[in-house]
Amino acid sequence: MTDKTFALTRRALVGGAAMGLATAAHAQGPANVKVGLIVPLSGLYARPGAVMRMGAEMGIADVNAAGGVKALGGAKLQLVALDCGDTVEKAKNAAQRMVAQETDLVAATGSYLSSFTLAVSEVTERAGLPLLTLSYSDLLTERGFRHIFQTSATAAAQSELGLPELMKLAEAASGKRPKTVAIAMDNTGTSIATAKALKEKLFPQLGLQLVMDEVWTPPLTDATAFIQKVRSTRPDLFLFMPNAISDAKLGLEKLNEFGLGQGRIPTISFSITIAEPDMLQSVSPDVVQGIMTIVANWGVKGQEKLLADLKAKYKEPWMTQNVVSTYGDMWIVKEALEKAGKADRAAVSEALHTLDAGPAKYFPGGVLKFDDKGRRIGAGVVVVQWQNGVPATVYPNDLAVATPFWPKHA
Amino acid sequence: MQTLRSLALPLLVAAVYACIALVVTNSYYQLMLTLVLVWASFGLGWNILSGYTGLVSFGHAAFFGLGAYTTALGQLYFDLTPWLLIPAAAGVGGVAGLLVGLPTFRLRGHYFALAMLAYPLALLYVFEWLGYQELTLPIKREAPFTYMQFTDPRFYTLVALVMLLAIVAITRAVERSRFGMALLAIKQNEAAAEAAGIDTLNWKLRSIALSGAITGAVGAFYAVVLLVVTPSSVFGMLVSAQALTVSMFGGVGTVWGSLIGAAVLIPVSEILHAQLGARIPGIQGVVFGIAIVAVIIAAPEGVYWKVRDRLRRAGPAAAPTPAAPARVDLAAPSTPARAQRPDAWRTGKVLLSVKDLSISFGGLKAVQDVTFDIYEGMILGIIGPNGAGKTTLFNLLNGFLCPDAGEVLFDGRNMVGSKPHVLCQAGVGRTFQIMRPFPRMSVRDNVRVGAYVRAQSEEEARRLADDAVDRVGLSAVADKVAAELTTKELRLMELGRALAGKPRLLLLDETLAGLGHGEADEVVAVVQRLAREGVTIAIIEHTMQSMVRLVDRFLVLNHGAVLADGEPEAVTRNPQVIEAYLGKKWVAHADA
């Protein structure tokens, strides 16, 4: 009961006051438009959640600085952050709280881990609240939902988009086409989905022969066994797919110990884990030098000002997918509001379905347009390579901030 | 009837809860109302096993998760409705309970708890390996009611409430039957329960199967509420811990415990999360943890027991019943007992025949080549100095130990290798040197535990128990809890528990130990009366005096072997016996 009274008071103070004023006095400017951010702010995934919040705050600030939503008389966006915790149940609870108590939200973005996004979207879908997400599980947009919008390429699509480019890159740089490939991965949902697509479809298509296939259950305790196998099989490509910093660190250090690091065996990952700033807290830059990863979004050419803002405001060394995509989501919401012409979740959802806002500025490839399932049309990938202590975008060429190097191995 | 009456309060609480649920329109508060019921139900499922048997399970997430996956996979692949899948999940949980119980009940205490921990962890990896990292229950826009996807969240609360009430009713029914008595007896003293004729493994298996079934059904409903099932959300450590937290916070071994626990903890944790989560991320966990620790320190047995004890102490019911002295029909202990008894046993048949019985513990030959017979109707005194192997012999006779060699023929049947409860059913009752009462149960209930081995119905068990209580002269204190009894009363109560099963042979292990002189006489009188009523008795004692006038025959053990076997007069004059008891120099005195 205390909770209810408290919540009511708070709403009365913030939302209620704003809404009340809006209807009563037009002269004082349009009411703020609320956008939800439902991400893990506590628990195991608090760090990526915090980074997404940075992106959202910067996005809101920039949208407002650029004049807000013009169709609503320059209304400002306002962020409502909710902690979805570190379990599916907490995520569901937070989502329910969001739709029940923040009734004036027009859209939301979240929730990092695809399991959380699944739970959250079950709630937002039923409440008719449009949810933008950077999660890339295919399942998210395969359930026939009307109000979910996936900005990233899906897990299956990412490897299909990224690997052929890597092959071209390897061929151009080393003069010969890779023929053999080794996989070492954890058994999380993302890794398994990616590996399935690779093994069933891509390897045969690209003529790659799988010479090693190793799976571990996080946390990884010793990488010696599979790194030894890498040394004995000498693959042309080594796909190393950890989803925890500590696993990545163990594997890469062992790789170096065996003299296979620094790209002597071209090593590729499929998640942003290996390119997180946290990596440098546990390994030195030369251990990660040359490692590549295929990701759904990253800081790219043309976003220098944004990067500078991020460094100045939050002391983050570079922009990961979590920052850029969440930042971009705020602009998508703004576009949808302009199109909808009113601060109403149903109208915004409808606007997102019919949105066609040209090339995507904050997402690689494609346009700001969603297909029937809610997937962004033409969503591409970014290849990032660790170069001198910074993971730099090296592909696609028009977005690249550095030239990739491909080690010529003996 | 009693079960129905015991449901009156839960029904009232449920009615109030339902009214609140109907009034609440905020879908978030409604979700909380649903989740409180879900976790209370889960706690009750756990309580059926761990609360009543005392075998703490850290692994109930195994059943919970199997239930959740049954619903998710059943709907995903076979398009079945949760209305069918929830009962199906109960079946899966029950079977899983049996499969888990069979190997794991070999362990006790902490070992059991830790072994249970392994099951959900193993299942978590199995389901990951199977590729079920993330499952969602498909949305059913056309037939929401058929698939339990209610648009009005109040229905979830109502379904959960009905489920919880059913579980409360089951728990109440268990509590009041021999099932519950057996579990409580196991919790308080497994060895005594086994000796009282309770097939402990059997009851434990029933309990884990029922517990697993309930938990499976709750897990299934949880999947319906959350709509998303991942291995860590249903098999995770935190899930198993949730059952323990709500039950231990509220009180273990009572229906109210889990209800109180869930009703307090779930909303508090969520309010903390909602109010603090986005502002000082993580602080909610700290506050929640400290709050739990504080409550546990204040009420170690849980809120329910603390409050109940408070109320009892405050209420008038707390006035102690005047401790009426046990009315015992003293059969003139001054006169030699045997004189009053016909020596009928001399013409009777052999009830128990022991042949060449031996057991060693490593190099120690605790019992070696012991041979003797007990005739129907006799009182055999087994004596010997400390460490002579008397109690070990009893443990061999009633099945706690299995001999290395030899035979134990009871009524002509070889009973070697039979479990204690089987021997008890055959008619061998026993008491313990170190008393093994069920301290939280009343005298009558303590004795009733022993009656189930003979009783066909609750009614008969009550009758047998009352009869036994009367025979040992404890009618006056029959409603006291065992923890409040004196040593003598406890000895008599143990005797009564053994008697309630209508044994043909009663093994009494140092029944007179720790009693004052007058008290010992009272107990002796009871034993004599039992013998007159036709019960055959073997009694262990290491002091000879009290025994001489009680027994018909002596069996003297020393260093695990039979030293002498004969009539009291002959045995007390046997020089070897005197030497064993008093040392060599006394032999000369005795001869003189």
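Residues numbered from 1 in each chain as written. Chains lettered and ligands numbered in written order. Predicted model: local features only at pLDDT ≥ 70, side-chain atom pairs only at ≥ 80, totals over all residues.

Draft legend 1. Representation of the overall build of chain B within the structure. Along its length, chain B carries 26 helices and 12 strands. Dimensions along the principal axes, computed over C-alpha positions, put chain B at roughly 100 × 55 × 45 Å. The burial tally for chain B puts 50% of its 592 residues in the buried class. Across chain B, the fraction of contacts at a sequence separation of at least 24, relative to all contacts at a separation of at least 6, is 74%. (Helix = DSSP H or I, 4+ residues; strand = E, 2+ residues; numbered from the N terminus. Buried ≥ 20, exposed ≤ 12 C-beta atoms within 10 Å, placed from the backbone. Contact = placed C-beta atoms within 7 Å.)

Draft legend 2. Focus on the overall build of chain A. Tallying secondary structure elements over chain A gives 13 helices and 12 strands in all. For chain A, whose C-alpha radius of gyration is 22 Å, the value lies close to the compact-globule estimate of 22 Å for 410 residues. Taking as baseline every contact in chain A between residues at least 6 positions apart, the subset at least 24 positions apart corresponds to 67%. (Rg over C-alpha atoms; globule rule 2.2 N^0.38 Å.)

Draft legend 3. Seen up close, the sheet that holds strand β3 (residues 105-110) of chain A. Residues and elements named next belong to chain A. The five strands are arranged β2-β1-β3-β4-β5 in an open sheet whose pairing can be described as parallel. Each edge of the open sheet carries a strand with a single partner, namely β2 (77-83) and β5 (148-150). Strand-to-strand twist of the sheet, defined as the mean angle between neighbouring strand axes without regard to direction, takes the value 25°. As judged from the three bridges shared by strand β4 (residues 131-133) and β5, these two strands associate in the parallel manner. The residue bridging leucine 131 from the neighbouring strand is isoleucine 148, located in β5. Here helix α2 (residues 46-65) sits on the sheet in contact with β1 (33-39), β2 and β3, set at roughly 170° to β2. Together, β1, β2, β3 and β4 form the strand contacts of helix α12 (residues 321-340), whose direction differs from that of β3 by roughly 155°. (Pairing = 2+ DSSP bridges. Axes fitted to C-alpha atoms, helices over the stretch in contact; angles between N-to-C directions.)

Draft legend 4. Focus on the interface of chain A and chain B. Counting from both sides, the interface comprises 35 residues of chain A and, opposite them, 30 residues of chain B. Every element with two or more residues in the side of chain A that touches chain B is listed here: α1 (2-24), β2, α3 (88-101), α4 (114-127) and α6 (189-206) of chain A. Counting residues per element, the side of chain A that touches chain B draws most heavily on α3 of chain A, at 10 residues. In the side of chain A that touches chain B, the residues fall into 12 nonpolar, 14 polar and nine charged. (Nonpolar A, V, L, I, M, F, W, Y, C, P; charged D, E, K, R; others polar.)

Draft legend 5. The sheet that holds strand β4 (residues 364-375) of chain B, seen in detail. Residue and element names in this part refer to chain B. Taking strand neighbours across the sheet as the criterion, the four strands line up as β4-β3-β6-β7 in an open arrangement whose pairing is antiparallel. Both outer strands of the open sheet, β4 and β7 (413-414), are each paired with one neighbouring strand and no more. Two elements, strand β3 (residues 350-361) and strand β6 (residues 405-410), share five bridges in a ladder whose sense is antiparallel. Across the sheet, residue lysine 355 finds its bridge partner in β6, namely glutamate 407. Lying over the sheet, helix α17 (residues 390-397) contacts β3, β4 and β6, oriented at roughly 65° with respect to β4.

Draft legend 6. Representation of the UniProt feature "domain: Leucine-binding protein" (unreviewed entry) in chain A. If you check UniProt for "domain: Leucine-binding protein" (unreviewed entry), the listed places come out as residues 33-388 of chain A in our numbering. In residues 33-388 of chain A, helix accounts for 44% and strand for 17%; the two terminal C-alpha atoms are 43 Å from one another. (UniProt positions renumbered as here; feature names shortened; annotations may be inferred.)

Draft legend 7. Spotlight on unusual backbone geometry. Along the chain, proline 218 of chain A connects to proline 219 of chain A via a cis peptide bond; the corresponding omega equals 0°. Note the cis peptide between tyrosine 395 of chain A and proline 396 of chain A, where omega equals -5°. Along the chain, proline 396 of chain A turns up in the segment after β12 (390-395). Look at aspartate 79 of chain B: it is not a glycine, yet its phi comes out positive at around 55°. Mapping aspartate 79 of chain B onto the fold places it in the loop between α4 (61-78) and α5 (82-104). With phi around 50°, aspartate 356 of chain B is a residue other than glycine that occupies positive phi space.

Draft legend 8. A look at the confidence of the model for chain B. Residues and elements named next belong to chain B. Here chain B shows a mean pLDDT of 85. Residues at 70 or above account for 92%. Low pLDDT, under 50, characterises residues 317-340; the stretch is placed with 32 contacts to residues that sit more than four places away or in other chains. Predicted complex metrics record ipTM = 0.84 and pTM = 0.83. (pLDDT = per-residue confidence, 0-100.)

Draft legend 9. Summary view of the environment of aspartate 373 of chain B. Looking at where aspartate 373 of chain B falls in the secondary structure, it is placed in strand β4. When neighbours within four sequence positions are excluded, aspartate 373 of chain B is seen to be in contact with Val350 and Ser353 of chain B.

Draft legend 10. The pairing of β2 of chain A, seen in detail. All names here are of chain A. As judged from the seven bridges shared by β1 and β2, these two strands associate in the parallel manner. Bridge assignment links isoleucine 38 to a residue of β2, and that residue is leucine 82. Handedness of the crossover joining β1 and β2 through α2: right-handed. (Right-handed = clockwise from strand over helix to strand, strands pointing away.)

Draft legend 11. Highlighting the UniProt feature "transmembrane region" (unreviewed entry) in chain B. Residues and elements named next belong to chain B. Per the UniProt record, "transmembrane region" (unreviewed entry) is annotated on residues 31-49, 61-78, 84-102, 109-127, 155-174, 208-229, 241-266 and 286-305. Summarising residues 155-174: 100% helix, 0% strand, and an end-to-end C-alpha distance of 29 Å. Taken end to end, residues 208-229 comprises 86% helix and 9% strand; its first and last C-alpha atoms sit 24 Å apart.

Draft legend 12. Spotlight on α4 of chain B. With 18 residues, α4 of chain B ought to run about 26 Å at 1.5 Å a step, and its terminal C-alpha atoms sit 24 Å apart, in line with that. With its phi angle positive at about 55°, aspartate 79 of chain B sits one or two positions after the end of α4 of chain B. (Expected span 1.5 Å × (residues − 1).)

Draft legend 13. Local environment of the packing of α2 of chain A against α12 of chain A. All names here are of chain A. Orientation of α2 relative to α12, taken along the N-to-C sense of each, is 40°, at an axis distance of 7 Å. In this structure, α2 meets α12 at a crossing whose hand is right-handed. Packed against α2, whose contacting residues are Pro48, Val51, Met52, Met54, Gly55, Ala56, Met58, Gly59, Ile60 and Val63, the element α12 presents Asn322, Val323, Val324, Thr326, Tyr327, Asp329, Met330, Trp331 and Lys334 at the interface. Here the residues of the contact of α2 with α12 sort into 13 nonpolar, four polar and two charged. (Left-handed = near helix turned anticlockwise from the far one by under 90°.)

Draft legend 14. Layout of the confidence of the model for chain A. Residues and elements named next belong to chain A. Summing up the model confidence of chain A, the mean pLDDT is 88 and the portion of residues at 70 or higher is 92%. Across chain A, β4 holds the top mean pLDDT of 97, while α1 sits lowest at 44. Overall, residues 1-27 carries pLDDT values under 50, and its contacts beyond four positions in sequence, including any with other chains, amount to 17 contacts.

Draft legend 15. Fine view of α3 of chain A. In this model, α3 of chain A (14 residues) spans 20 Å end to end at C-alpha, consistent with the 20 Å of a helix rising 1.5 Å per residue. Taken across its 14 residues, α3 of chain A has 13 buried, putting it largely inside the fold.

Draft legend 16. Up close: the environment of glutamate 338 of chain A. All names here are of chain A. Among the structural elements, glutamate 338 can be located in helix α12. You can call glutamate 338 partly exposed: it has 15 C-beta atoms within 10 Å. As a C-alpha pair, glutamate 338 and leucine 163 span 175 residues in sequence and 38 Å in three-dimensional space. With sequence-adjacent residues up to four places away left out, glutamate 338 is seen in contact with Val69, Lys70 and Ala71.

Draft legend 17. Geometry of the domain arrangement of chain A. Residue and element names in this part refer to chain A. Taken as a whole, chain A is organised into domain 1 (32-153 + 302-354) and domain 2 (156-295 + 382-399). Taking the mean C-alpha position of each, domain 1 and domain 2 sit 30 Å from one another. Contacts between domain 1 and domain 2 engage 10 residues on the former and 12 residues on the latter. Its residues assigned to classes, the side of domain 1 that touches domain 2 shows four nonpolar, four polar and two charged. (Domains from an automatic or database assignment.)

Draft legend 18. The environment of threonine 221 of chain A, seen in detail. With respect to the helices and strands, the residue threonine 221 of chain A is situated in the loop between β7 (209-216) and α7 (224-233). Remark: the alpha-carbon pair of threonine 221 of chain A and alanine 172 of chain A, spanning 49 residues in sequence, is separated by 37 Å.

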